[in-house]
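Chain by chain, the residues run as shown.
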Amino acid sequence: MTSRAASPSRLDVAAYVAELAAQPGMTASRLFRILMHDWAASEFEGEKNAVNRVAAEKLGWPKFQDGMPMYRLTPVNGFNVIVPVHANTETIVATVADRIGPDTQAVIELGCGPGRHLFDIRDLVEHRFPHLKYFGTDISDVDLGICRQVAALEPVRAAITFHKFDHLAPDFSFMTGLKNVVFFTCHTIEQVTTITDKLFLGMLAAAETFVCIHEEPVGWQLNDEVLAAVQNNAFPTTPRIVKPFQPVDDYAAAATPVGSRWNLNLVPVLRDLVAQGKIKIERVDKHCSGMHLYNPTTRIVWTRA
Ligand SMILES: C[S@@+](CC[C@H](N)C(=O)[O-])C[C@H]1O[C@@H](n2cnc3c(N)ncnc32)[C@H](O)[C@@H]1O
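Throughout this description, residue numbers start from 1 for each chain and increase along the sequence as written. Totals for whole chains, interfaces and linings use all residues, but because this is a predicted model, local features are given only for residues with pLDDT of at least 70 and pairs of side-chain atoms are given and counted only at 80 or more. With hydrogens and water stripped out, all remaining heavy atoms of the structure feed into the side-chain values.

Considerations on helix 9 (residues 250-259)
Here comes step 1: Exposure categories follow from relative accessible area, calculated using a 1.4 Å probe and restricted to protein chains: below 20% of the type maximum is buried, above 50% is exposed, and the middle band is partly exposed. Starting at the N terminus, helices and strands are each numbered in turn, a helix being any DSSP run of H or I of at least four residues and a strand any DSSP run of E of at least two. For helix 9, the tally of buried residues reaches eight of ten residues, placing the bulk of the element in the interior.
Here comes step 2: Residues of helix 9 that are buried: Asp 250, Tyr 251, Ala 252, Ala 253, Ala 254, Thr 256, Pro 257 and Val 258.
Here comes step 3: Here, residues are in contact when the closest pair of their heavy atoms is within 4.5 Å. Tucked inside the fold, the buried residues of helix 9 contact helix 8 (224-231) and strand 8 (279-289).
Here comes step 4: The N-terminus of helix 9 is capped by Asp 249, whose side-chain oxygen sits 2.8 Å from the backbone nitrogen of Tyr 251.
Here comes step 5: Phi turns positive one or two residues past the end of helix 9, at Arg 261, with a value near 55°. In protein, a polar contact means a hydrogen-donor-capable atom and an acceptor-capable atom, both N or O and within 3.5 Å, with residues adjacent in sequence counting only if both atoms are side-chain atoms; elsewhere, any N or O pair within 3.5 Å suffices.

The structure is reproduced here in structure tokens:
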């Protein structure tokens with residue numbers, strides 16, 4: 001027996017969270033630490049992670065007692081690099097925390113899934129900004145249920161409230177009265193094949209002052225050649241092989257989003273809003289991080305123009 005449970009698949013996360021939540025002394029951060037620790041094995045499972053298995057073999061990575069390699073490949077700042085297998089190289093929590101100041105009234109995650117980022121952000125800033133409000137939204141009742149179960153573990157902490165929300169029919173009434181907020185999304189617009197400008201116009205209408213941070217697997221959409229190949233149904237079916245220490249390849253980066261019919265148009269929609277003079281893009285960090293080699297994350301930060 002090892003300290004690590006079998007990697008929880010997407011389908012049994014709710015049951016696993018319920019089991020963990022019932023343990024004595026459980027907290028939100030401890031629960032997500034266990035979840036992410038146990039998730040490490042999934043980096044070596046399935047076809048898309050064959051690259052990690054091959055790299056582990058070829059490069060002779062050391063292994064844990066049950067045979068799981070101690071390292072994995074991951075996209076970081078545009079390169080496929082090797083990191084400790086349990087390391088979380090995502091940058092969304094630090095990027096959002098960096099934008100919270102004394103005037104910020106709320107932090108709002110759209111498409112929060114199990115809510116892990118919001119609980120992390122609260123851990124980091126609650127002592128400095130005790131009056132900050134936290135909102136999570138998602139279309140999935142299962143995920144909202146998980147979020148509420150985790151929130152209930154620490155009733156004395158600043159409240160995080162969770163609301164049903166659809167990126168395609170956005171209703172921001174849950175944040176009525178708030179004027180200065182930080183919005184963010186992480187690998188959730190990815191699940192909407194064709195996003196419309198309603199979501200972004202909704203943010204513009206909902207708060208006077210805000211910054212919006214997306215960390216989504218859309219870096220390949222910045223490459224006109226790859227975008228045109230996708231739009232013209234000419235995306236190559238033979239996958240590019242991911243190579244350690246090499247720059248992230250835009251075709252490889254598009255493999256999962258295109259193959260899964262995930263989001264194909266976030267960048268064009270944001271560019272259109274820039275052209276209309278409605279928003280301005282502060283920064284774009286292509287393939288900045290990510291859990292999966294064929295689905296690297298790109299950071300896009302924008303505000304009202
Ligand atoms: C991969 S999970 C990411 C969750 C979270 N942001 C994270 O990084 O842990 C994607 C989430 O997007 C949500 N989602 C998918 N389509 C959505 C939509 N149209 N509106 C709102 N949420 C949606 C899913 O229910 C799921 O919880």
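Anyway, onward from the coordinates.
A few points about the environment of Ser 140
Here comes step 1: Residue placement: Ser 140 occurs in the loop between strand 4 (133-138) and helix 6 (141-151).
Here comes step 2: It is 25 Å that separates the C-alpha atoms of Ser 140 and Ala 254, two residues lying 114 residues apart in sequence.
Here comes step 3: From its side chain, Ser 140 meets the backbone nitrogen of Asp 143 in a polar contact 3.0 Å long.

Here we look at the site of the ligand
Here comes step 1: Any residue with a heavy atom positioned within 4 Å of a molecule or strand is treated as near that molecule or strand. Taken together, 20 residues lie around the ligand, and Gly 111, Arg 116, Asp 138, Cys 186 and Thr 188 are the ones closest in.
Here comes step 2: A distance of 3.0 Å separates an oxygen atom of the ligand from a polar side-chain atom of His 117.
Here comes step 3: Within the contact set of the ligand, a nitrogen atom lies 3.0 Å away from a side-chain nitrogen or oxygen of Asp 166.
Here comes step 4: Expressed as a share of its isolated accessible area of 600 Å², the protein-covered part of the ligand is 88%.
Here comes step 5: Classes in brief: Ala, Val, Leu, Ile, Met, Phe, Trp, Tyr, Cys and Pro nonpolar; Asp, Glu, Lys and Arg charged; the others, Gly included, polar. Per-class residue counts for the shell around the ligand are five nonpolar, eight polar and seven charged. In short, Shrake-Rupley with a 1.4 Å probe defines the accessible areas, and a residue's cover is counted only from the protein chains shown.

So, the domain arrangement of the protein
Here comes step 1: Each domain's extent was defined by an automatic or database domain assignment. With domains assigned, the protein is organised as domain 1 (10-84) and domain 2 (92-304).
Here comes step 2: Averaged C-alpha coordinates put domain 1 and domain 2 at centres separated by 22 Å.
Here comes step 3: Taken together, the contact between domain 1 and domain 2 spans 29 residues of the former and 29 residues of the latter.
Here comes step 4: Both sides together, the interface formed by domain 1 and domain 2 hides about 2600 Å², and carbon and sulfur atoms give 66% of it.
Here comes step 5: Once two parts are joined, some of their accessible surface, as seen by a 1.4 Å probe, is lost; buried area is that loss totalled over both. Together, Phe 32, Pro 75 and Asn 80 form the three largest contributors to the area buried by domain 1 at its contact with domain 2, with a combined 25%.
Here comes step 6: What makes a salt bridge here is a side-chain nitrogen of Lys or Arg within 4 Å of a carboxyl oxygen of Asp or Glu, nothing more. Taken together, the links from domain 1 to domain 2 amount to zero salt bridges.
Here comes step 7: Counting only elements with at least two residues in the side of domain 1 that touches domain 2, the list comes to helix 1 (13-21), helix 2 (28-39), helix 3 (50-58), strand 1 (71-76) and strand 2 (79-84).
Here comes step 8: Of the residues in the side of domain 1 that touches domain 2, the class split is 17 nonpolar, eight polar and four charged.

Overview of the packing of helix 1 against helix 6
Here comes step 1: Convention adopted: a line fitted to C-alpha atoms gives each axis, helices being fitted over their contacting stretch, and angles between N-to-C directions are expressed from 0 to 180 degrees. Relative orientation of the contacting elements helix 1 and helix 6 amounts to 10°, with a least axis distance of 10 Å. Considering the angle they form, helix 1 stands roughly parallel to helix 6. Contacts between helix 1 and helix 6 involve Val 13, Ala 14, Val 17, Ala 18 and Ala 21 from the former and Val 142, Ile 146, Gln 149 and Val 150 from the latter.
Here comes step 2: When the residues that make up the contact of helix 1 with helix 6 are grouped by side-chain class, the tally is eight nonpolar, one polar and no charged. Comment on the angle field: the value is read as roughly parallel under 35 degrees, roughly antiparallel over 145, roughly perpendicular from 65 to 115, and oblique elsewhere.

A word on the nonpolar core
Here comes step 1: Buried Ala, Val, Leu, Ile, Met, Phe, Trp, Tyr and Cys residues form a nonpolar core when they are joined through side-chain atoms within 4.5 Å. Counting 38 residues, the largest nonpolar core has Val 96, Ile 100, Val 107, Ile 121 and Phe 162 as the members making the most contacts within it.
Here comes step 2: Each of domain 1 (10-84) and domain 2 (92-304) accounts for three or more of the residues forming this core.
Here comes step 3: Contacts of Val 107, omitting those with residues within four sequence positions, involve Val 96, Ile 100, Leu 118, Ile 121, Leu 132, Lys 133, Tyr 134, Phe 135, Val 182 and Phe 184.
Here comes step 4: Core analysis: the second largest hydrophobic core is formed by 30 residues, Ile 108, Phe 183, Phe 210 and Ile 300 among them.

What about the state of the cysteines?
Here comes step 1: Counting rule for disulfides: a pair of cysteine sulfur atoms within 2.5 Å. This model, assessed by the stated rule, comprises zero disulfides.
Here comes step 2: With no disulfide of its own, Cys 147 has Cys 112 as its nearest cysteine by sulfur position, at a separation of 3.9 Å.
Here comes step 3: According to the relative accessible area criterion, Cys 147 is buried, its value standing at 0%.
Here comes step 4: Of all cysteine sulfurs, the one in Cys 186 lies closest to Cys 212, which takes part in no disulfide; the gap is 12 Å.

Quick look at the environment of Gln 221
Here comes step 1: Inspection of the secondary structure assignment puts Gln 221 in the loop between strand 7 (209-216) and helix 8.
Here comes step 2: A sequence separation of 156 residues divides Gln 221 from Gln 65, and the C-alpha atoms of the two residues are 41 Å apart.
Here comes step 3: Non-local contacts of Gln 221, meaning those with residues more than four positions away in its chain, are made with Leu 227, Asn 263, Leu 264, Asn 265, Leu 266, Val 267, Pro 268 and Arg 271.

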